[in-house]
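# Architecture and fold: a report
What follows is each chain in one-letter form.
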Amino acid sequence: LALKPDYDLVVFNLANVYRTLGRDDDAVVGYRRLLELDPRNEQAHQELAQVLVDQGKVEEALSELNRALELAPSMAAARNTLGAIRLKQGDVDEGRREIRAALEQKADLRLAHFNLALAAELRGDLAGAIAEYQTEIRLHPKSYMAQFNLGKVYERQGNTPGQLAAFRPAIQSHPAFAEGH
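Presented here is an overview of the structure given in this document. (Residues numbered from 1 in each chain as written. Predicted model: local features only at pLDDT ≥ 70, side-chain atom pairs only at ≥ 80, totals over all residues. Heavy atoms only, no water.)

Turning to the overall build of the chain, a few remarks are in order. When its secondary structure is counted, the chain shows ten helices and zero strands. Its helices and strands taken in sequence order, the chain reads α-α-α-α-α-α-α-α-α-α from the N to the C terminus. Taking the principal axes of its C-alpha atoms as reference, the chain extends roughly 60 × 35 × 25 Å. Looking at the chain as a whole, 44% of its 181 residues qualify as buried. Total accessible area on the chain is roughly 9,700 Å²; 52% of this is exposed by carbon and sulfur atoms. (Helix = DSSP H or I, 4+ residues; strand = E, 2+ residues; numbered from the N terminus. Buried < 20%, exposed > 50% of the residue type's maximum accessible area, 1.4 Å probe, protein only. Areas by Shrake-Rupley, 256 points an atom, 1.4 Å probe, with all protein chains shown as cover.)

Bringing the environment of Phe167 into the picture now. Inspection of the secondary structure assignment puts Phe167 in helix H10 (residues 160-173). Phe167 sits 16 residues away from Gly151 along the chain, and the two C-alpha atoms are 5.7 Å apart.

Taken as a whole and assessed by the stated rule, the structure comprises twelve salt bridges. The partner of Arg33 in a salt bridge is Glu36, and the shortest N-O contact between them spans 3.2 Å. Taken as a pair, Arg33 and Glu36 lie in helix H2 (residues 24-37) at a separation of three residues, close to a single helical turn. For Arg33, a relative accessible area of 29% puts it in the partly exposed group. Residue Lys152 pairs with Glu155 through a salt bridge whose shortest N-O separation is 3.1 Å. Of the two residues, Lys152 and Glu155 are both situated in helix H9 (residues 144-157); the distance of three residues between them amounts to about one turn of the helix. Taking relative accessible area as the criterion, Lys152 reaches 33% and is therefore assigned partly exposed. (Salt bridge = Lys/Arg side-chain N within 4 Å of Asp/Glu carboxyl O.)

What follows covers helix H8 (residues 126-139). An ideal rise of 1.5 Å per residue puts 20 Å on 14 residues; H8 measures up with 20 Å between its terminal C-alpha atoms. Among the residues of H8, Leu126, Gly128, Ala129, Ile130, Glu132, Tyr133, Thr135, Glu136 and Ile137 are the ones counted as buried. Summarising the contacts, the buried residues of H8 are in contact with helix H7 (112-122) and H9. (Expected span 1.5 Å × (residues − 1). Contact = heavy atoms within 4.5 Å.)

Another point: the packing of H7 against H9. Remark: H7 packs on H9, axes separated minimally by 11 Å, with the N-to-C direction vectors making an angle of 20 degrees. When the axis of H7 is compared with that of H9, the two are roughly parallel. By crossing handedness, the relation of H7 to H9 is classed as left-handed. Residues Phe114, Leu118 and Glu121 of H7 form the contact with H9, whose participating residues are Met145, Ala146, Asn149, Val153 and Arg156. Grouping the constituent residues of the contact of H7 with H9 by class yields five nonpolar, one polar and two charged. (Axes fitted to C-alpha atoms, helices over the stretch in contact; angles between N-to-C directions. Parallel < 35°, antiparallel > 145°, perpendicular 65-115°, else oblique. Left-handed = near helix turned anticlockwise from the far one by under 90°. Nonpolar A, V, L, I, M, F, W, Y, C, P; charged D, E, K, R; others polar.)

The tendency in soluble globular proteins is for nonpolar side chains to be buried side by side. By size, the foremost hydrophobic cluster in this structure holds 24 residues, and its most contacted members are Tyr31, Leu48, Ala61, Leu65, Met75, Ala78 and Ile85. Among the elements of the structure, helix H1 (8-20), H2, helix H3 (42-54), helix H4 (58-71) and helix H5 (76-88) are those that each provide at least two residues to this core. When residues of this core are assigned to their parent elements, the largest contribution, six residues, is made by H3. Excluding its chain neighbours within four sequence positions, the residues that come into contact with Leu65 are Gln46, Ala49, Ala78, Thr81, Leu82 and Ile85. If you look at the next biggest cluster of nonpolar residues, it comprises 13 residues, including Phe114, Ile130, Leu150 and Ala166. (Core = buried A, V, L, I, M, F, W, Y, C linked by side-chain atoms within 4.5 Å.)

When you line up the elements, Asp24 lands in helix H2. Its relative accessible area of 17% is what places Asp24 among the buried residues. Beyond its immediate chain neighbours, meaning those up to four positions away, Asp24 contacts Tyr18, Arg19, Val51 and Gln55.

Encoded structure:
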């Protein structure tokens with residue numbers, strides 16, 4: 001960056017590294033810098049939106065997601081994130097529509113089945129939640145949150161063997177996850 005501060009790929013990679021390190025404020029600065037260099041970079045809009053969601057800045061995130069989808073209507077990750085936001089806002093039907101649209105675009109999209117499981121839980125459909133968590137785990141075996149949530153659904157059903165069977169891999173794949181212990 002010191003040699004070529006306008007090198008967009010380096011700016012994008014640096015923002016991603018900040019995100020991975022949990023330095024979300026620095027990631028936001030990086031993604032915004034990238035968007036100054038390339039306002040039509042739909043991936044930067046999507047990544048910025050994800051960080052903003054995690055920071056609780058939902059309206060800003062929605063604006064970034066809408067921009068990403070204007071630029072790339074078939075961007076599955078943006079649709080999935082939009083669906084997750086709608087679920088959090090209590091609009092389960094709209095959330096499910098967006099997530100299903102994301103899955104039509106990318107059948108193995110990470111977190112899409114997880115989000116559909118959350119939607120099923122919100123609707124009180126525990127069997128549907130179990131099926132979606134199992135699909136997420138099959139597609140993404142290290143998804144410890146899906147494994148943990150599956151265990152919590154089994155707990156709600158009174159299925160202790162299922163609960164323990166789900167918690168074990170959650171702890172194995174992410175030992176630092178204290179809630180799984």
